[in-house]
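Each chain, letter by letter, is given below.
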Amino acid sequence: MKLAKRMSRIAVEGAFEVLARARALEAQGRHIIHLEIGEPDFPTPRHIVEAGKKALDEGWTHYGPTLGLPELREAIAAYICRTRGIQLGPERVSVVPGGKPIIFFPMLALLEPGDEVIYPNPGFPVYESMINFLGATPVPIPLVEDRGFSFDLDLLARKLSPKTKMLILNSPHNPTGGVIPAEDIHAIAGLVRDRDLIVLSDEIYTRIYFDEPPLSIATLPGMLDKTIILDGFSKTYAMTGWRLGYGVMPVWLVDAVNKLMVNSNSCTASFTQRAGIAALNGPQNEVDHMVAEFRRRRDAFCAGLNTLPGFRCPIPGGAFYAYPNITGTGMTSTAFADALLQEAGVACLSGTAFGEYGEGYLRFSVANSLENLMAAIQRIREFLHA
Ligand code: PLP
């Protein structure tokens, strides 16, 4: 039996592959420092867990409405108004199992062969994978290290064409940690406002920033009706395993997501949605604590990386990644990442796991203790014989 041809165009995520290789080494007795996986190393805050347990006890164990519990859609709409400073209602919200479905479903609903999609490269690998899977045309835009890993706006202007159906933005950005400056967001809105395209604004890291807060393009004049905001609970509330996320989008697209959800998931788990309400409406001090801790680690880890020969690490403005330029080592990113895992027991990702323009870079997640991060710096130093 042969798989459908389109399956040859869908990719897997490098982070999960490296994790599997690292685990295999651990099974042989090796000690590995895990800096490859993109999930907070903090527990889900207690009051959220309690809300989930209570929901199970109360019997929130059945199907719910396809687009999410009305109370959660209300809470999300209010949260988006609060955090982004815009006005919108729950009819624009669709609750789905994680942030990823807000890439999968809207792309499935919108893209056809011949449609062009502009997206950051390096970038979250699922964007490119889905564009290829659907037979649309990928239009990667390299990110510019000197611009804090933002786009070259002239290049973006040149790449926009009558066929551009979607533009993907991700700020704070995976893998670089870059935050798109507000003036760039304004300039991008100016470029796309009068075009027949939709912006997928991946804001999953929006609460994790260290300097300037990220600006959502949806808040700019004329942009709300042509933007899909992707957000969720995985990163902000350390809830990766709960599988709870959402999109905020024009109502005609909510209707399309509804149909795709009916045909795939029926609905998102009801008790996790009850926990989600507690997350949005409850105390936020643990989010603040987590972000403060990521900042402390970012400062120490990037400073450490910058002492290594051949390494140059810009200081990321958000998310929980360090993305050093390693061209000075003379090694390719893949060769470096593979050897670092095998020889030094430090698991990280090659920049090329995020696209061809990731060559020359590595991604380290700082979702590990400061002690382990500093031990990793020491291991890399020894690996470099420095
Ligand atoms: N978008 C970006 C940029 C991410 O890094 C991730 C997770 O790593 C997601 C979306 C998906 O998040 P979730 O685990 O909620 O599906």
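Rules used in this analysis
- Residues numbered from 1 in each chain as written.
- Predicted model: local features only at pLDDT ≥ 70, side-chain atom pairs only at ≥ 80, totals over all residues.
- Heavy atoms only, no water.
- Near = heavy atom within 4 Å.
- Polar contact = N/O pair within 3.5 Å; in protein donor to acceptor, adjacent residues only side chain to side chain.
- Areas by Shrake-Rupley, 256 points an atom, 1.4 Å probe, with all protein chains shown as cover.
- Nonpolar A, V, L, I, M, F, W, Y, C, P; charged D, E, K, R; others polar.
- Pairing = 2+ DSSP bridges.
- Helix = DSSP H or I, 4+ residues; strand = E, 2+ residues; numbered from the N terminus.
- Right-handed = clockwise from strand over helix to strand, strands pointing away.
- Domains from an automatic or database assignment.
- Contact = heavy atoms within 4.5 Å.
- Buried area = accessible area lost by both parts, 1.4 Å probe.
- Salt bridge = Lys/Arg side-chain N within 4 Å of Asp/Glu carboxyl O.
- Phe/Tyr/Trp six-rings, centres within 6.5 Å; stacked < 30°, edge-to-face > 60°.
- Buried < 20%, exposed > 50% of the residue type's maximum accessible area, 1.4 Å probe, protein only.
- Axes fitted to C-alpha atoms, helices over the stretch in contact; angles between N-to-C directions.
- Parallel < 35°, antiparallel > 145°, perpendicular 65-115°, else oblique.

1. Quick notes on the site of the ligand
Next, step 1: Around the ligand, the surrounding shell holds 13 residues, and the nearest of these are Gly 99, Asp 202, Tyr 205, Ser 234 and Lys 235.
Next, step 2: Interatomic distance of 2.8 Å between a backbone N/O atom of Gly 99 and an oxygen atom of the ligand.
Next, step 3: Between the ligand and Asp 202, the relevant distance is 2.6 Å, taken from a nitrogen atom to a side-chain nitrogen or oxygen of the residue.
Next, step 4: Relative to its free-state accessible area of 400 Å², the ligand is covered by the protein chains to the extent of 93%.
Next, step 5: Across the shell around the ligand, the residue classes break down as four nonpolar, five polar and four charged.

2. A closer look at the pairing of strand β4 (residues 137-144)
Next, step 1: As paired elements, strand β3 (residues 116-121) and β4 share six bridges and run parallel to each other. Across the sheet, the residue bridging to Asn 121 is Pro 142, located in β4.
Next, step 2: Crossover connection from β3 via helix α5 (residues 125-133) to parallel β4: handedness right-handed.
Next, step 3: By the bridge criterion, two bridges tie β4 to strand β5 (residues 150-151) in an arrangement that is antiparallel. Looking at the pairing, Leu 143 lines up with Phe 151 of β5.
Next, step 4: Here β4 folds back onto β5 in antiparallel fashion, the turn holding five residues, of which Gly 148 has a positive phi close to 65°.

3. A word on the domain arrangement of the chain
Next, step 1: Looking at the chain, the domain boundaries give domain 1 (5-43 + 285-385) and domain 2 (46-281).
Next, step 2: For domain 1 and domain 2, the distance between their C-alpha centroids amounts to 25 Å.
Next, step 3: With 38 residues of domain 1 at the interface, the matching set in domain 2 holds 36 residues.
Next, step 4: In total, domain 1 and domain 2 occlude about 3100 Å² of area from one another, counting both sides; carbon and sulfur atoms represent 59% of this.
Next, step 5: The interface formed by domain 1 and domain 2 contains three salt bridges.

4. Some thoughts on the packing of aromatic side chains
Next, step 1: Scanning the entire structure with this criterion turns up 15 aromatic pairs.
Next, step 2: With a centroid separation of 4.7 Å and an interplanar angle of 5°, the aromatic rings of Tyr 323 and Tyr 361 are classed as stacked. Pair noted here: Tyr 323 is in the loop between β10 (321-322) and α11 (333-344) and Tyr 361 is in the loop between β12 (349-350) and β13 (362-365), with a separation of 38 residues, a long-range link.
Next, step 3: Put simply, the rings of Phe 42, Tyr 205, Phe 294, Phe 320 and Tyr 321 touch in pairs and so form one group of aromatic residues.

5. Observations concerning the pattern of salt bridges
Side-chain pairing between opposite charges can occur once the charged atoms of the two side chains come close.
Next, step 1: Taken as a whole and judged by the stated rule, the model has 18 salt bridges.
Next, step 2: Notably, a salt bridge pairs Arg 92 with Asp 225, separated by 2.9 Å at the nearest N-O pair. Taken together, the positions of Arg 92 in the loop between α3 (70-84) and β2 (93-96) and Asp 225 in the loop between β7 (198-202) and β8 (227-232) put the pair 133 residues apart, joining distant regions of the chain.
Next, step 3: Taking the relative accessible area as the measure of exposure, Arg 92 reaches 15% and is therefore buried.

6. Thoughts on the sheet that holds β8
Next, step 1: In spatial order, the strands read β2-β9-β8-β7-β6-β3-β4-β5; together these eight strands make up an open sheet with mixed pairing. Edge positions in the sheet fall to β2 and β5, since each has one partner strand and no second.
Next, step 2: Note: β3 against strand β6 (residues 164-170), three bridges, orientation parallel. When the bridges of β6 are listed, Ile 118 appears paired with Leu 167.
Next, step 3: Contacts between helix α7 (residues 182-192) and the sheet are confined to β5, β6 and β7, with β6 contributing the most and set at about 175° to the helix.

7. Remarks on the packing of helix α4 (residues 101-110) against helix α8 (residues 251-264)
Next, step 1: Axis separation between α4 and α8 bottoms out at 9 Å; the angle between their running directions is 110°. Between α4 and α8, the crossing angle belongs to the class labelled roughly perpendicular. On the side of α4, the interface is formed by Phe 105, Pro 106, Leu 108, Ala 109 and Leu 110, while α8 contributes Trp 252, Leu 253, Ala 256, Val 257, Leu 260, Met 261 and Ser 264.
Next, step 2: Looking at the contact of α4 with α8, its residues break down into 11 nonpolar, one polar and no charged.

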